[in-house]
Amino acid sequence: MKHHSHALNPAPARWTLAIGWTLLLTLFLLQPEAEPLIDLGLPRGESTLQRELFFSALHLLAFALTCFIWFWTIHSALTLGRRLLAAVLIAISLGIVTEALQSLTLDRHASLIDLIANIAGALVAARLIWQRYK
């Protein structure tokens with residue numbers, strides 16, 4: 001019988017990273033634009049097509065990363081298909097909830113384009129994961 005030290009078990013670190021990333025992303029998405037708690041130096045101002053495309057690309061990348069992180073976190077708990085489904089559902093749910101909550105945030109609003117980018121990011125990550133492991 002093997003004895004595994006808790007310090008050598010990657011599961012707590014994975015869960016800490018996934019929860020930490022999810023909380024940080026939620027904070028970024030729900031903070032006011034005019035006076036952010038954490039200023040990332042992102043462009044502010046008038047809504048132009050170029051600005052919207054830039055932010056949509058950030059949403060796509062952020063939610064792809066969210067899906068990857070949660071898939072990696074759930075690593076050994078479920079079969080490949082169930083792990084992937086759980087990761088996609090977590091990422092898409094987070095995308096839907098944060099977009100809806102933005103309408104309650106000062107100087108923010110829910111955006112259909114951002115919601116589509118959130119979902120697309122999760123689905124692109126899922127496709128890449130599926131191709132890699134199947």
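What you see as residue numbers is a count from 1 along each chain, following the sequence as written. Under the rules for a predicted model, residues below a pLDDT of 70 receive no local features and side-chain atom pairs below 80 are neither given nor counted, while totals for whole chains, interfaces and linings still include all residues. Side-chain numbers come from the whole structure's heavy atoms, not from hydrogens or water.

**Student:** What's the story with the environment of Arg14 in this structure? I'm lost.
**Tutor:** Examined against the element boundaries, Arg14 turns out to sit in helix 1 (residues 11–30). On the basis of relative accessibility, which here comes to 13%, the residue Arg14 falls in the buried class. As for Arg14 and His75, which are separated by 61 residues in sequence, their C-alpha atoms are 9.0 Å apart. With near-sequence residues (within four places) excluded, Arg14 lies in contact with Trp72, Thr73 and His75. The numbering of helices and of strands both runs from the N terminus, where a helix is a DSSP run of H or I of at least 4 residues and a strand a run of E of at least 2. Partly exposed residues are those whose accessible area sits between 20% and 50% of the maximum for their type, while under 20% is buried and over 50% is exposed, using a 1.4 Å probe and protein chains only. Contact definition: two residues touch when any of their heavy atoms are within 4.5 Å.

**Student:** How should I be thinking about the nonpolar core in this particular structure?
**Tutor:** Soluble globular proteins tend to bury their nonpolar side chains together. Grouped together as the largest cluster of nonpolar side chains are 23 residues, with contacts concentrated most on Leu25, Phe63, Cys67, Phe71, Leu84 and Val88. Those elements that place two or more of their residues in this core are helix 1, helix 2 (49–73), helix 3 (80–102) and helix 4 (112–133). Other than its neighbours up to four places away in sequence, Phe71 contacts Leu80, Arg83, Leu84, Ala87, Ile129 and Tyr133. Put simply, buried Ala, Val, Leu, Ile, Met, Phe, Trp, Tyr and Cys residues joined by side-chain atoms within 4.5 Å make one nonpolar core.

**Student:** Is there a simple way to explain unusual backbone geometry in this structure?
**Tutor:** Residues other than glycine seldom take positive phi values, yet Asp107 does so here, at roughly 55°. Structurally, the position occupied by Asp107 is in the loop between helix 3 and helix 4. Of the residues examined, Asp107 reaches a relative accessible area of 42% and is grouped as partly exposed.

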